[in-house]
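# Secondary and tertiary structure notes
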Amino acid sequence: MTGVAVALTICNILVCIIGIIGWVNTAENNRAINSIGADFTYYDDGSAVRLELNGGETVTLRFGKGSVRVEQSFRWNEKEQIMEIIMFVRSYTQAHGYKMERAATDLYGEYKLHNFLYAMGYKRESTGSCDLDYISDRRWYVNVIGKIWGRIGI
């Protein structure tokens with residue numbers, strides 16, 4: 001076998017492994033999304049919405065016309081917690097007439113990106129809270145990474 005054939009074989013194996021991991025994680029994301037009920041416990045005081053997660057913790061969200069800010073998003077990093085927050089955001093935006101075009105997996109990917117960057121110590125003042133745009137993020141690289149991470153289910 002030539003060096004090119006070995007390199008192509010290794011690339012194919014890596015693509016296959018990444019595909020399998022993505023498939024498994026996508027199934028896990030779908031399970032997490034489908035396990036969340038439609039009933040949410042929250043309090044809206046006009047300036048912020050406080051969502052009570054199934055585990056009892058309270059998340060503060062600030063809704064705007066084009067995005068929602070999840071305050072101190074780094075505190076909630078488990079897949080089920082993030083999916084519960086995202087599904088609440090989808091439900092709340094629909095009930096209040098906001099247009100939500102992004103897929104739950106895209107929002108999940110962007111949320112995880114914020115938490116990853118925060119954990120790495122990158123611009124903690126801006127990555128500590130997650131701003132999720134309803135249509136798309138203005139930064140193309142955030143959209144791309146969010147889509148990839150969300151679909152792979154990292």
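## Quick notes on the nonpolar core
One finds Leu61, Phe63, Val70, Ile85, Phe88 and Tyr111 to be the most contacted residues of the largest nonpolar core, which totals 25 residues. At the level of secondary structure, the elements contributing two or more residues to this core comprise β2 (49-52), β3 (58-63), β4 (67-70), α2 (79-95), α3 (104-119) and β5 (130-133). At seven residues, the largest contribution of residues to this core is made by α2.

## Describing the side chain of serine 73
Positionally, serine 73 belongs in the loop between β4 and α2. Dropping the residues within four chain positions of it, serine 73 is found in contact with Tyr111, Asn115, Thr127, Gly128, Ser129 and Cys130.

## So, the packing of aromatic side chains
Taken as a whole and assessed by the stated rule, the structure comprises eight aromatic pairs. Here tyrosine 42 and tyrosine 92 contribute two aromatic rings whose centre-to-centre distance is 5.9 Å and whose plane-to-plane angle is 80°, an arrangement assigned as edge-to-face. Taken together, the residues tyrosine 42 in strand β1 (residues 41-44) and tyrosine 92 in helix α2 connect sequence positions 50 residues apart. Looking at tyrosine 92, the relative accessible area reads 6%, which means it is buried. Seen from their ring centres, phenylalanine 63 and phenylalanine 88 are 6.3 Å apart, and the 70° between their planes marks the pair as edge-to-face. Remark: phenylalanine 88 occurs in helix α2 and phenylalanine 63 occurs in strand β3; sequence separation between them is 25 residues. What links up through ring pairs into an aromatic cluster is the set Phe40, Tyr42, Phe63, Phe88 and Tyr92. In this structure, arginine 124 is placed above the aromatic ring of tyrosine 118, and the distance from its NZ or CZ to the ring centre is 4.1 Å.

## Things to note about the sheet that holds β1
If you trace the five strands from one edge of the open sheet to the other, you get β1-β2-β3-β4-β5, paired in antiparallel fashion. Both edges of this open sheet fall to β1 and β5, since each of them pairs with a single strand only. The sheet shows a mean angle of 25° between the axes of neighbouring strands, direction not considered. Note: β4 against β5, four bridges, orientation antiparallel. Looking at β5, one finds that arginine 69 is bridged to aspartate 131. α2 contacts β1, β2, β3 and β4 of the sheet and is inclined by roughly 40° relative to β3. Along the sheet face, α3 touches β4 and β5 and points at about 160° away from the line of β5.

Rules behind the numbers
- Here the residue numbering is sequential within each chain, running from 1 through the sequence in written order.
- In keeping with the model being predicted, local features are shown solely for residues with a pLDDT of at least 70 and side-chain atom pairs are shown and tallied solely at 80 or more, while totals for entire chains, interfaces and linings include all residues.
- Side-chain calculation: all heavy atoms of the structure are included, whereas hydrogens and water are not.
- Here, nonpolar core means buried Ala, Val, Leu, Ile, Met, Phe, Trp, Tyr and Cys residues that are tied together by side-chain atoms lying within 4.5 Å of each other.
- Burial here depends on accessible area, computed with a 1.4 Å probe over protein chains only, as a share of the maximum for the residue type. Under 20% is buried, over 50% is exposed, and the range in between is partly exposed.
- By the criteria applied, helices consist of DSSP H or I runs no shorter than four residues and strands consist of E runs no shorter than two, each listed in order from the N terminus.
- Throughout, a contact is declared for two residues whenever any of their heavy atoms are within 4.5 Å.
- Aromatic pairs are defined between Phe, Tyr and Trp rings, using the six-membered ring for Trp, whenever the two ring centres lie within 6.5 Å; interplanar angles under 30 degrees are classed as stacked, those over 60 as edge-to-face, and all others as tilted.
- Two thresholds decide whether a charge sits over a ring: the Lys NZ or Arg CZ must be within 6 Å of the ring centre and within 35 degrees of the ring normal.
- The criterion for strand pairing is that DSSP finds at least two bridges linking the strands in question.
- Orientation is described by axes fitted as lines to C-alpha atoms, over the contacting stretch for helices, and by angles from 0 to 180 degrees between their N-to-C directions.

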